[in-house]
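Observations on chain architecture
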Amino acid sequence: NAGVIQTPRHKVTGKGQEATLWCEPISGHSAVFWYRQTIVQGLEFLTYFRNQAPIDDSGMPKERFSAQMPNQSHSTLKIQSTQPQDSAVYLCASSPLGGQGAEQFFGPGTRLTVL
Amino acid sequence: QQKVQQSPESLIVPEGGMASLNCTSSDRNVDYFWWYRQHSGKSPKMLMSIFSNGEKEEGRFTVHLNKASLHTSLHIRDSQPSDSALYLCAASRAGGYKVVFGSGTRLLVSP
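Parameters at a glance
- Residues numbered from 1 in each chain as written.
- Chains lettered and ligands numbered in written order.
- Predicted model: local features only at pLDDT ≥ 70, side-chain atom pairs only at ≥ 80, totals over all residues.
- Heavy atoms only, no water.
- Phe/Tyr/Trp six-rings, centres within 6.5 Å; stacked < 30°, edge-to-face > 60°.
- Helix = DSSP H or I, 4+ residues; strand = E, 2+ residues; numbered from the N terminus.
- Buried < 20%, exposed > 50% of the residue type's maximum accessible area, 1.4 Å probe, protein only.
- Contact = heavy atoms within 4.5 Å.
- Buried area = accessible area lost by both parts, 1.4 Å probe.
- Salt bridge = Lys/Arg side-chain N within 4 Å of Asp/Glu carboxyl O.
- Polar contact = N/O pair within 3.5 Å; in protein donor to acceptor, adjacent residues only side chain to side chain.
- Nonpolar A, V, L, I, M, F, W, Y, C, P; charged D, E, K, R; others polar.

Attention shifts here to the packing of aromatic side chains. As enumerated under the stated definition, the model contains 12 aromatic pairs over all chains in all. On the numbers, 6.0 Å between centres and 75 degrees between planes, the contact of Phe106(A) with Phe101(B) is edge-to-face. Of this pair, Phe106(A) sits in strand E10 (residues 105-106) while Phe101(B) sits in strand E10 (residues 100-101), each in a different chain. Judged on exposure class, the residue Phe106(A) and its partner Phe101(B) are both buried. Three or more aromatic residues joined by ring pairs make a cluster, and in this case those are Phe33(A), Tyr35(A), Phe45(A), Tyr48(A), Phe106(A), Tyr36(B) and Phe101(B).

Put into structure tokens, the structure is as follows:
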């Protein structure tokens, strides 16, 4: 079991460019979560999917952020027109659907730096 | 909006000492609590979970939960330098999968 896979591990973009982050959840896990983490704001919830369906995107900045899960083996987080304040570590986590209160398994994260 | 408050923000304990971390949720509908540990440069990993009132012990780690006050605490006895990390408390409601994390307690165990 390779765990949650995130690519790329590091991404540097110029202000105004687009960034796409990829996540491959643990096989068999049906819930996928996206968070971002900064020193100042801590770990912030962005969005989550259950059985590929978007359930809650209340943490997503509405205008420039979007997330998709086209199949059970990967999810993407896209940030359009990146801004310096988007610089953060973006973490993907997956969880088995079997029970509420299930543990989340985090990937290694993608460190996004916007110059 | 549900918030999870952790205290203290940072804590220094000597090697072999006891570390006590606190966490309170503002959401009266919270049913599940977790403690995650995040070493520097790594991603969070679940340390312990507690869903019922009372106490749960795993090795050097003990968690307490008081659902009436929505308060959980994590106690680490015989603290080791390898315990130095960011400890994140997390909570969620029954019937949902969204998990809210606190801002964490940064623990430093000094040799």
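Once you've had a look at it, read on.
What follows deals with the interface of chain A and chain B. One widely used convention gives an interface's size as the accessible area the parts lose upon coming together. Listed per partner, the contact involves 21 residues of chain A and 17 residues of chain B. Counting the surface lost from both chain A and chain B, the interface buries some 1,700 Å², and carbon and sulfur atoms represent 57% of this. On the surface where chain A and chain B come into contact, there are 1 salt bridge. Lys98(B) is the salt-bridge partner of Asp56(A), the closest N and O atoms lying 4.0 Å from each other. One can count 4 residue pairs in polar contact (both at pLDDT 80 or more) joining chain A with chain B. Here the side of chain A that touches chain B takes 4 residues from strand E5 (residues 42-50) of chain A, the largest share from any one element. Its residues placed into classes, the side of chain A that touches chain B shows 11 nonpolar, 7 polar and 3 charged.

Turning our attention to the pattern of salt bridges. Residue and element names in this part refer to chain B. The final tally for this structure, using the stated rule, is 8 salt bridges over all chains. The closest approach of N and O atoms between Asp-31 and Lys-67, which form a salt bridge, is 3.2 Å. Of this pair, Asp-31 sits in strand E4 (residues 30-38) while Lys-67 sits in the loop between strand E7 (61-66) and strand E8 (71-76); the two residues are 36 residues apart in sequence, bridging distant segments of the chain.

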